[in-house]
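# Fold and contact review
So you can see what is in the structure, the chains are spelled out below.
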Amino acid sequence: MKAAAEGRLSRRAFLKLLGSTGLLMSVSMDGVAAVFEPEGVKDSAGFSPNAWLLVGRDDKVTIYCSGCEIGQGVLTVLPAIVADELDADWKRVRVRQAPVSSEYEDPVWESQVTAGSASVHHFYMLLRRAGAQARRLLVLAAAKHWKVPEGECRTRMGWVIHLPSGKRMSYGELALMAQSQGTKGQLVLKKEDRFTLIGRELPRIDAGMKINGKARYGMDVIVKGMTYCVMKRPPAFGARPAGMDLSGTSGILGLEAVFRIGDKVAVVADSPFSALKGAEGIKVEWKGARDPCLDDRKIEGILNRALHVRGKVHTARGNMKEAERNSFLIHESSYFLPYLAHATMEPMNCTAFVEKDRCRIWAPSQNPSAVLKAAREETGLDPQHIDIETTFMGGSFGRRFEVDFVREAIKVSSRLKRPVKLFWTRSDDFTHDYYRPANAARIRAGVDRHGCITFYEHRVAAPSVYYRIERSLLDDGIDPSAVESIHNSAYSFPALHLEYVWLKELSPPLGFWRSVGNSHNCFTIESFMDELSYRIGMDPLEFRLRNLKEHPRAARVLKVAAEKAGWHKGPRRGRGMGICQHFLVYTYVAAVAEVSLDADSGRLKVHKVVCAVDCGRAVNPAIVRQQIEGGFLFGLSAALREKVSFVRGGAATTGFSDYPILTMSETPEIEVHIVESGNEPTGVGEVGTAPAAPAVANALFNGFGIRIRRLPMSPRVLTGLLRRRDI
Amino acid sequence: MISFFVNGKVVRTASDPATPLVWFIREELGLTGTKWGCGQGTCGCCTVMVDGGAERSCQMSLQDAASRRITTIEGIDEAHPVKVAWLRESVPECGYCQPGQIMNAIALLSLNPRPTEEEIVAAMDSNLCRCGTYNRIKRAILRASGKIK
Ligand code: FES
Ligand code: FES
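Now for a look at the structure at hand. (Residues numbered from 1 in each chain as written. Chains lettered and ligands numbered in written order. Predicted model: local features only at pLDDT ≥ 70, side-chain atom pairs only at ≥ 80, totals over all residues. Heavy atoms only, no water.)

## Regarding the overall build of chain A
Defined as follows: Runs of H or I in DSSP of at least four residues are treated as helices and runs of E of at least two as strands, each being numbered from the N terminus. For the radius of gyration, the atoms used are the C-alpha atoms, and the globule rule reads 2.2 Å times the number of residues raised to 0.38. A simple rule labels every residue: compare its accessible area, found with a 1.4 Å probe on the protein chains alone, to the largest value its type can have, and call it buried under 20%, exposed over 50%, or partly exposed in between. Contact between two residues is taken to exist if any of their heavy atoms lie within 4.5 Å; hydrogens are not considered. Accessible areas in this description were obtained via Shrake-Rupley with a 1.4 Å probe; residue shielding takes into account the shown protein chains only.
Scanning chain A for helices and strands turns up 18 helices and 28 strands. On C-alpha atoms alone, chain A measures out to a radius of gyration of 27 Å, which is about the 27 Å that the 2.2 N^0.38 rule sets for 727 residues. If one aligns the C-alpha atoms of chain A with their principal axes, the spans along those axes are about 85 × 75 × 45 Å. Residues classed as buried in chain A amount to 64% of the 727 residues present. Intrachain contacts of chain A at a sequence separation of at least 6 include 76% that bridge at least 24 residues. When the accessible surface of chain A is summed, it comes to about 27,100 Å², and 50% of that surface belongs to carbon and sulfur atoms.

## What to know about the sheet that holds strand β5 (residues 93-97) of chain A
Adjacent strands of a sheet form backbone hydrogen bonds with each other and so pair up, either parallel or antiparallel. Residues and elements named next belong to chain A. Put simply, the rule is: When DSSP locates at least two bridges between a pair of strands, those strands are taken to pair. Only C-alpha atoms enter the line fits that serve as axes; for helices the fit covers just the stretch in contact. Angles between N-to-C directions range over 0 to 180 degrees.
Read across the sheet, 5 strands follow the order β1-β5-β4-β3-β2 without closing on themselves; strand pairing throughout is mixed. Because the sheet does not close on itself, it has two edges, and the strands there are β1 (35-36) and β2 (46-50). Relative to β5, strand β4 (residues 61-65) runs parallel, the two sharing 5 bridges. Along β5, the bridge assignment pairs valine 61 with valine 93. Those strands touched by helix α3 (residues 119-146) are β2 and β3 (53-56), and its axis lies near 130° from that of β2.

## Here we look at the interface of chain B and chain A
Formally: Buried area adds together the accessible area that both of two parts lose upon being put together, with accessible area traced by a 1.4 Å probe. The working definition used for a salt bridge is a side-chain nitrogen of Lys or Arg within 4 Å of a carboxyl oxygen of Asp or Glu. Think of a polar contact as two N or O atoms within 3.5 Å of one another; within protein, one of them needs to be a possible hydrogen donor and the other a possible acceptor, and neighboring residues in sequence only count if both atoms come from side chains. Only Asp, Glu, Lys and Arg are considered charged in this grouping, and only Ala, Val, Leu, Ile, Met, Phe, Trp, Tyr, Cys and Pro are considered nonpolar; every other residue, Gly among them, is considered polar.
On the side of chain A, 64 residues touch chain B, which itself brings 49 residues to the contact. The largest contributions to the chain B side of the interface with chain A come from Glu93(B), Arg130(B) and Tyr134(B), which together make up 20% of the buried area. Counting every contact that joins chain B to chain A gives 7 salt bridges. In this structure, Glu642(A) engages Arg130(B) in a salt bridge whose closest nitrogen and oxygen atoms are separated by 2.7 Å. For the interface between chain B and chain A, the tally reads 27 residue pairs in polar contact (both at pLDDT 80 or more). Per element, the largest residue contribution to the side of chain B that touches chain A is 5 residues, and it comes from helix α6 (residues 134-144) of chain B. Here the residues of the side of chain B that touches chain A sort into 25 nonpolar, 11 polar and 13 charged.

## What about the sheet that holds strand β19 (residues 420-423) of chain A?
Residues and elements named next belong to chain A. Spatially, 7 strands are ordered β11-β12-β9-β19-β16-β17-β18 in an open sheet, and the strand pairing comes out mixed. Of all the strands in the sheet, just β11 (255-261) and β18 (386-390) have a single pairing partner and so form its edges. Direction aside, the axes of adjacent strands within the sheet are offset by 20° on average. The sheet strands contacting helix α9 (residues 368-379) are β16 (349-355), β17 (358-363) and β18, and the helix crosses β18 at an angle near 145°.

Below, the structure is given as structure tokens:
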């Protein structure tokens, strides 16, 4: 309780500090929805029983959202959970981004970070309790005031009503009384059939602001007296500046400073344009690449060889030998996937102002706890002297889990003692990403005469994501993300052997990329399951269902997707249809894709996609559908086109022209069906991404007899496969 | 001194004439609704209207903008049918590409008030959206053009 009180104090202090920089605005959807309130608006007086809400005497309810808005709708979804249990009037709700404070930490991760599709899953009960606590206190206050039993009072849309007499008082009128009201007895949560907001398709509160250009992203922060910084970055990983030639910068107006900072060179100017020109004009000599020979060829060679090496055993279950003997058919296949970039639409950036005894940071970050940690480390200041505003973000997909760009801004501002907006160029963004690792997999499995899997053997070879991020999670040298969703697959494997080969010699920096290990393991497992089904001559849907006996929820989403897609009717003439399922972030998903392929050009067209998802209770079904849709397209983009290239020890990919992402013309029609299961809500944000590649790859095999074992499925790869098929 | 119109108001500047319009609009005028996504002309986030046509403001210098009429997302009324359609279709996810998408859509509709789906795709295809809101964008444009209600 003490921590909470302190936290609220710090929040107020924080608001006061930032008072001058916030913009006042209110953009609502037709005036029937909650609004987002940016930093700098004064707290109204009222009743605040916990860190999550404040009931104002003016009847407005302020709800603090701990989740960072990276496009997933968290600003709408989390507050709606609080407001529902509070029985607040959604029209009178104002949502604020929670400041960085321990009371807003994710209860599972014990850190303030928005990641792993976990916001609703982890906060659901906590936020319900927060809302229910406030409602209870309001009811008690009203009952005391009217001198009636608590049980005779009900709440509705911001009112406490005394049923027998019909007397009513608004939450605002009760706020002061509730503030001094002590609790007794148990907290009672609403029965689910009394939900008024949870389960409803509330419009996103951030939509209007975004449409009108009023949402403030990291790039949009403007602070008085601010200067701009662009970094000159090493062309090869690990290289450092050895010499500089500034002659190319003479005559650049507004160039203020050029200095080395660690392995980079900071270029500071009074405008973004001058900073960019300065960075272009400077010639830096770089030395000491970690691996000067790193290039696409080398990576390919390492991946190819990796599958012949024995790895560390993650799981060894059942009697493999016996299972092999009892198999009617044994099949083996290998798959290769490239490095991928996040390519958020808003490049990395951060604004910081470090003074002697205080530091302010405007961070487009999904990881506020890490921002605070970075600020403490870089400035040596105590948390109470560090103010952090989490801004809107132009996408993240895992990239903004990292705080490299935050540290840079703090360092530069510390040195200049001025506010600095530091931003990355598009090319910086591609060449210094924390990539999704390239990887290879070999799978071998057997089936009996009835199509039941007898054993399953899977070797994943990949560099380690966790080695840099959280070494303590490397379980005996096994990267947990590399093998995720294999050992806990929904399929029944009577015997399972899972190995990990750690490709330590690959040097590109790695990070979390939407759906992490699922982004490769769903592709490899589901491609392989498809291969097995065709080998044994079973329908791919039937084959999967036969092996999903222990997971009825997985079977159900598969059946729904198949039925809605018209699986039994099959694809239209000249098309192929593919199916897949996956279990990730505690959610079940299945997808069916329908594709066609032009044999001459290798042009692949994905016509239609049907997804079915069981994420427990859908707190906001419209946002669930939007996330699955967007997530699928993110995965589809990678499957069709994305691959980061490397040359001479660094990334060769520098922009959208050599890393083309999916465009409108390639976007299929997408249908998302939510399969309600009555379970607690689970993850959504990453769920659509994983099944995209296998759904399309399996459709290609179904329609055109080509099996994709290497991503991306570029036209060149497809025509190559078609040619080989003809022979 | 270069002068031009931004959202109907005259703007004069002595800034470097080579400065890309996007930086001027955002950092000097504080109209940050226009986004910077690549500076390479490849994403479309910086799209504004210049004399009624869609232009990428990262590829246009102040000099090129001289005497022209520039409209940014802030210059479009909140009740504009395209903005309303965008709300109805709940288009934005992260929202970063959306001002550029909307400006491009408005430019398209001013030339071609009732575009076919193919015409929409052709006009919008080089405006990237990493969040995958393309189908919603398409529907919003059809809605704004009165083709769907
Ligand atoms: S910022 Fe102008 S096209 Fe990307
Ligand atoms: S909505 Fe995020 S990039 Fe388009």
